[in-house]
Amino acid sequence: MARETIYLDHAATSHPKPPEVIDAMRGFLEDSGGNPGRSGHALSIAAGRAVYEAREAVAELFAVEDPCRVIFTPGVTYSLNMVLHGLLRPGDRVLTTSVEHNAVMRPLRALERRGVVVSVVPCRPDGSLAAEDLDAYLLPRTKLVVVNHASNVCGTLLPVADLVPLARRVGALVLVDAAQTAGAMTLNLERMGVDFLAFTGHKGLLGPPGTGGLVLGAEVDPSRMEPLVRGGTGSNSESDEQPEMLPDKFESGTVNGVGLAGLGAGVRFLLSRGVQSIRNHERELARILISGLQGIPGVTVHGTRDPERSVAVISFTVQGVSPSDVALRLEDEFGVLCRVGLHCAPAAHKTLGTFPEGTVRLAPGYSTTPGDADYVVEAVRRVVSHP
Amino acid sequence: MSDYWVVLFPNNTAAMRAARILKDAGVRGCRLVPVPGELSRRCGVALRLEGDAVTPALTAIHSGRVPVSAVHRLGV
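The structure presented is a predicted model; accordingly, all values stated were derived computationally and were not measured.

An account of the packing of aromatic side chains is requested, with residue identities and associated values reported.
One pass over the full model with this rule turns up 2 aromatic pairs over all chains. Positioned above the aromatic ring of F355 of chain A, the side-chain terminus of K350 of chain A is 4.7 Å from the ring centre.

Structure, rendered in structure tokens:
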């Protein structure tokens, strides 16, 4: 096999970024570069415009009418923490699942020590969850349900839209961790019915690291949630109290203008190409990888093994060979770059039965070709057949 | 110098949103300017409207449901 580099770690961060993203970031630094929302000169206005255009693009992507309900953050971990710490108080119940990332589980465990009651619904061994599995766990005083839209370990999708009516029955709000689905599939906040959508900018949205955000549903009253950080917003400067208006309440300090310029360009790239077309492309890549890997003796693919019920995040193990050894050989001998281990999601691996060894994770993206997927399957076959 | 109007917004995002709406609507005679210190102590930008732009601009801003803090008529 010819040696080439194939990047299959899009679930960690997308690479390469579209040239438009790099151009936008360079343009921001060269031609804008002021502090958005603070001064009134041309460079500040240009920076503010770049940030606003990114906000508009994200609002369009998630079908949100009011761009002010798009809150920019340094990433999805921050966004999730903002809701969990901002909303939950001692005595409140929060319900989550057994396939969550540590970006959810660690803040929840910290809140648990402060008196928040945390319940974890066990998912099935393929990472899936039926809405009715949740029902028995939805007790009175459940304030929030937080769910991973798709597992970062095996790609399994959770039925978010089906969970929302159940959560509503006990008056709970719903927070969705869309780290693996934003940009990978069409997300319409209103149709999903969720209250909070936490997203990262540097994965499927094709922006740079250090960008992300939180979208507030139209029915969410922001006065119910405390900000994680308070400080300068460029608004109400005569007051030393945090303003209540959006997005200012949750965006203290200078925003990452250059990053958001790149994020805006990434989202516009997605909108012009069409998220559904990317979903179709990645589903085909997943189909090639799953069916190919399943045909190799000694290889176990974890999760639903169904590209219709998952995003293109495929985890596998090889009987008798550690995941790290498989990944090292894939890189050294075949130029395939992937991620191994526990993927910051020990709970998900316990659910899948792959704890503590973990898995090899293949995560193709918009830039991966079907030929790349075929090549990777063949590379795994050779690694397995020549231990 | 003829009179002009200054529209103040509660925050920078609203000002940017108004500017976008006016650009899309093709309304001329409006530009973002620093918030005049005699009108507000907030940082950032306001929208300056020249005479003929006032009615179409405020109509478009209102239609776009952009929050406005105040509209001031200034000039010499």
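Before we move on, can you summarise the layout of surface pockets with the specific residues and values?
All names here are of chain A. Of the voids in this model, the largest pocket is the one considered here, and its volume is about 460 Å³. As for the largest pocket, its lining consists of 19 residues, of which E65, D66, R69, G217 and A218 are closest to the centre. Classifying every residue of the lining of the largest pocket gives 7 nonpolar, 3 polar and 9 charged.

Describe the pattern of salt bridges, and please don't skip the residues or the numbers.
Applying the stated rule across the entire model yields 23 salt bridges over all chains. The salt bridge partner of R20 of chain B is E56 of chain A, with a shortest N-O separation of 2.7 Å. Taken together, the positions of R20 of chain B in helix 1 (residues 12-25) and E56 of chain A in helix 2 (residues 42-61) put the pair across two chains. Judged by its relative accessible area of 23%, R20 of chain B falls in the partly exposed class. Between E112 of chain A and R109 of chain A there is a salt bridge whose closest N-O contact spans 3.0 Å. Within this pair, E112 of chain A and its partner R109 of chain A are both found in helix 4 (residues 102-112), separated by 3 residues, close to a single helical turn. E112 of chain A gets classed as partly exposed once you look at its relative accessible area, which sits at 31%. Taken together, the salt bridges that share partners define one network made up of E53 and E56 of chain A together with R20 of chain B.

Can you lay out helix 6 (residues 160-169) of chain A for me, pointing to particular residues and giving the numbers?
Of the positions making up helix 6 of chain A, those classed as buried are V160, L163, V164, L166 and A167 of chain A. Buried residues belonging to helix 6 of chain A abut helix 5 (131-135), strand 5 (142-148), strand 6 (173-177) and helix 7 (189-192) of chain A.

Talk me through the nonpolar core; I want residue IDs and the actual numbers.
If you look at soluble globular proteins, the nonpolar side chains tend to sit buried side by side. All names here are of chain A. In this structure, F62, L197 and F199 are the most contacted members of the largest nonpolar core, which totals 61 residues. Sorting elements by how many residues they give to this core places helix 2 first, with 6 residues. Aside from chain neighbours lying at most four places away, what touches F62 is A182, L187, N188, L189, L197, F199 and V215. Within the second largest apolar cluster, 31 residues are counted, among which are I290, L293, V336 and V360.

Outline the environment of Y375 of chain A, listing residues and values.
Position of Y375 of chain A relative to the elements: it lies in helix 12 (residues 370-385). The class for Y375 of chain A is buried, based on a relative accessible area of 10%.

Residue-level account of the side chain of T351 of chain A, with values.
Residues and elements named next belong to chain A. Within the element layout of this structure, T351 appears in helix 11 (residues 346-352). You can call T351 buried: its relative accessible area is 15%. Separated by 2.7 Å, the side chain of T351 and the backbone oxygen of S98 make a polar contact. Dropping the residues within four chain positions of it, T351 is found in contact with S98, V99, C123, R124 and P125.

Please provide a residue-by-residue account of the sheet that holds strand 3 (residues 93-97) of chain A, values included.
Residue and element names in this part refer to chain A. The sheet built from 7 strands is open, its strands ordered 2-8-7-6-5-3-4 with mixed pairing. Lying at the two open borders of the sheet, with one neighbouring strand each, are strand 2 (70-73) and strand 4 (117-121). Across this sheet, the average inter-strand angle for adjacent strands is 20°, counted without regard to direction. Of the strand pairs in this sheet, strand 3 and strand 5 are connected by 3 bridges, and their pairing is parallel. Within strand 5, the position partnered with L95 by the bridge is V145.

Definitions and limits used
Residues numbered from 1 in each chain as written. Chains lettered and ligands numbered in written order. Predicted model: local features only at pLDDT ≥ 70, side-chain atom pairs only at ≥ 80, totals over all residues. Heavy atoms only, no water. Phe/Tyr/Trp six-rings, centres within 6.5 Å; stacked < 30°, edge-to-face > 60°. Lys NZ or Arg CZ within 6 Å of the ring centre and 35° of its normal. 1 Å grid on protein atoms, 1.4 Å probe; cavity = no way out; pocket = protein on both sides within 12 Å on 5 of 7 lines; lining within 4 Å. Points joined across faces, edges and corners; volume = space filled by probe spheres on them. Nonpolar A, V, L, I, M, F, W, Y, C, P; charged D, E, K, R; others polar. Salt bridge = Lys/Arg side-chain N within 4 Å of Asp/Glu carboxyl O. Helix = DSSP H or I, 4+ residues; strand = E, 2+ residues; numbered from the N terminus. Buried < 20%, exposed > 50% of the residue type's maximum accessible area, 1.4 Å probe, protein only. Contact = heavy atoms within 4.5 Å. Core = buried A, V, L, I, M, F, W, Y, C linked by side-chain atoms within 4.5 Å. Polar contact = N/O pair within 3.5 Å; in protein donor to acceptor, adjacent residues only side chain to side chain. Pairing = 2+ DSSP bridges. Axes fitted to C-alpha atoms, helices over the stretch in contact; angles between N-to-C directions.

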